[in-house]
Amino acid sequence: MQLAHIIFAIIVLAASYASNKTGKLTVAGAITGGAVALLIYLGTGYIGIAMLAMFFLLSTLATSHKKNEKRKLTGEHAEKRDARQVLANCGLPAILGLMALILPGNVVLATILMAAAFASATADTLSSELGTVYGKRFYNIINFHPDEKGRDGVISIEGTLIGLAGSVIIAVIFALNFGLNSVFLSIILAGTIGNLIDSVLGATLERRGYMGNNEINFLNTLFAVIACGLIIFL
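Remember, predicted model here, so these are calculated numbers, not experimental data. (Residues numbered from 1 in each chain as written. Predicted model: local features only at pLDDT ≥ 70, side-chain atom pairs only at ≥ 80, totals over all residues. Heavy atoms only, no water.)

What about the overall build of the chain?
In terms of helices and strands, the chain carries nine helices and two strands. On C-alpha atoms alone, the chain measures out to a radius of gyration of 17 Å, which is about the 17 Å that the 2.2 N^0.38 rule sets for 234 residues. Along the longest, intermediate and shortest principal axes, the C-alpha atoms of the chain span 55 × 45 × 30 Å. Expressed as a percentage of the 234 residues in the chain, the buried residues total 46%. When contacts within the chain are restricted to residue pairs at least 6 apart in sequence, long-range pairs at least 24 apart make up 72% of them. In the structure as shown, the chain presents an accessible area of about 11,900 Å², 67% of it carried by carbon and sulfur atoms. (Helix = DSSP H or I, 4+ residues; strand = E, 2+ residues; numbered from the N terminus. Rg over C-alpha atoms; globule rule 2.2 N^0.38 Å. Buried < 20%, exposed > 50% of the residue type's maximum accessible area, 1.4 Å probe, protein only. Contact = heavy atoms within 4.5 Å. Areas by Shrake-Rupley, 256 points an atom, 1.4 Å probe, with all protein chains shown as cover.)

What follows is the structure, given as structure tokens:
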């Protein structure tokens, strides 16, 4: 087991270095990402890492897809993700990994809640990045009036369905390890709830300047975890 930990630590170091050198993460972001990966692995093992890797892969592909078209819309240039952005999306899974490490009797519960957090983070990223490209009609999530695509709190049917697909992918990874059961649907539902709450917070608090995107992203994973816990226990 110790050898496995050492090998994994080497892989994490290599991945963190590569993420920085390829322009995906800042130095601080790469170090933070490595620490997050380590906590997730020590707490939940390879299933947690598989969910983290899938989130990172899908997010990277979605962000890079038609980036010039999205740049024209927002006027923003792609930048390396920093430590705050890493923690916004993966901070809660890291906390759950630490919980599983300290309280090994709760590993399964921590893994379920981690899956909900990753389902929400993946759904949010995919619906935002790809919904802007493939959406046909855009609506403000608060009043469902037509609104400008790319703005905080604006959704489309296409983007929402793409986000749902992201939640399903994370739930499938969980199911491959724990079997196809009611928890599978709970993870998908929680991920979708977190994604929609992200849009609600974007249309209200973020538009008014009360919160930034990082805070909203963390809250969407938190609400997904809470929703998943309530669904399971109630």
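Overview of the packing of helix α2 (residues 27-44) against helix α3 (residues 46-64)
With their axes 6 Å apart at the nearest point, α2 and α3 run at an angle of 145 degrees to one another. Side by side, α2 and α3 meet where Ala37, Ile40, Tyr41 and Thr44 of the first sit next to Tyr46, Ile47, Gly48, Ile49 and Leu52 of the second. Tallied by class, residues from the contact of α2 with α3 come to seven nonpolar, two polar and no charged. (Axes fitted to C-alpha atoms, helices over the stretch in contact; angles between N-to-C directions. Nonpolar A, V, L, I, M, F, W, Y, C, P; charged D, E, K, R; others polar.)

Looking at the pattern of salt bridges
Scanning all chains against the criterion turns up three salt bridges. Arg151 is the salt-bridge partner of Asp147, the closest N and O atoms lying 3.7 Å from each other. Between Asp147 and Arg207 there is a salt bridge, and its shortest N-O distance comes to 2.8 Å. Within this pair, whereas Asp147 is found in the loop between β1 (139-140) and β2 (154-155), its partner Arg207 is found in the loop between α8 (182-206) and α9 (213-233), the two being separated by 60 residues in sequence. In this structure Asp147 comes out as partly exposed when scored by relative accessible area, which is 22%. Given a relative accessible area of 28%, Arg207 falls into the partly exposed group. (Salt bridge = Lys/Arg side-chain N within 4 Å of Asp/Glu carboxyl O.)

Here's the deal with the packing of aromatic side chains
Summed over all chains, the structure comprises three aromatic pairs. A centroid spacing of 4.7 Å and a plane angle of 20 degrees characterise the contact between Phe174 and Phe178, whose relative ring orientation is stacked. Within this pair, Phe174 and its partner Phe178 are both found in helix α7 (residues 157-178), separated by four residues, close to a single helical turn. (Phe/Tyr/Trp six-rings, centres within 6.5 Å; stacked < 30°, edge-to-face > 60°.)

Let's talk about the packing of helix α6 (residues 107-134) against α8
Two numbers describe how α6 lies on α8: the axes approach to 7 Å, and their chain directions differ by 45 degrees. With respect to α8, the axis of α6 lies oblique. Along this stretch, α6 crosses α8, giving a crossing that reads as right-handed. When α6 is examined against α8, the residues Ile112, Ala115, Ala116, Ala119, Ser120, Ala123, Asp124 and Ser127 are found in contact with a partner set consisting of Val183, Ile187, Ala190, Gly191, Gly194, Asn195 and Asp198. Looking at side-chain class alone, the contact of α6 with α8 contains eight nonpolar, five polar and two charged residues. (Parallel < 35°, antiparallel > 145°, perpendicular 65-115°, else oblique. Left-handed = near helix turned anticlockwise from the far one by under 90°.)

Let's talk about unusual backbone geometry
With phi around 60 degrees, Phe144 is a residue other than glycine that occupies positive phi space. Considering the arrangement of structural elements, one finds Phe144 in the loop between β1 and β2. According to the relative accessible area criterion, Phe144 is exposed, its value standing at 54%.

Let's talk about the nonpolar core
Ranked by size, the top nonpolar core spans 40 residues in total, and within it Ile40, Ile49, Met51, Leu52, Phe118, Phe174 and Ile187 carry the most contacts. Those elements that place two or more of their residues in this core are α1 (2-21), α2, α3, α5 (83-102), α6, α7, α8 and α9. Examining the composition of this core, we find that nine residues originate from one element, α6, more than from any other. (Core = buried A, V, L, I, M, F, W, Y, C linked by side-chain atoms within 4.5 Å.)

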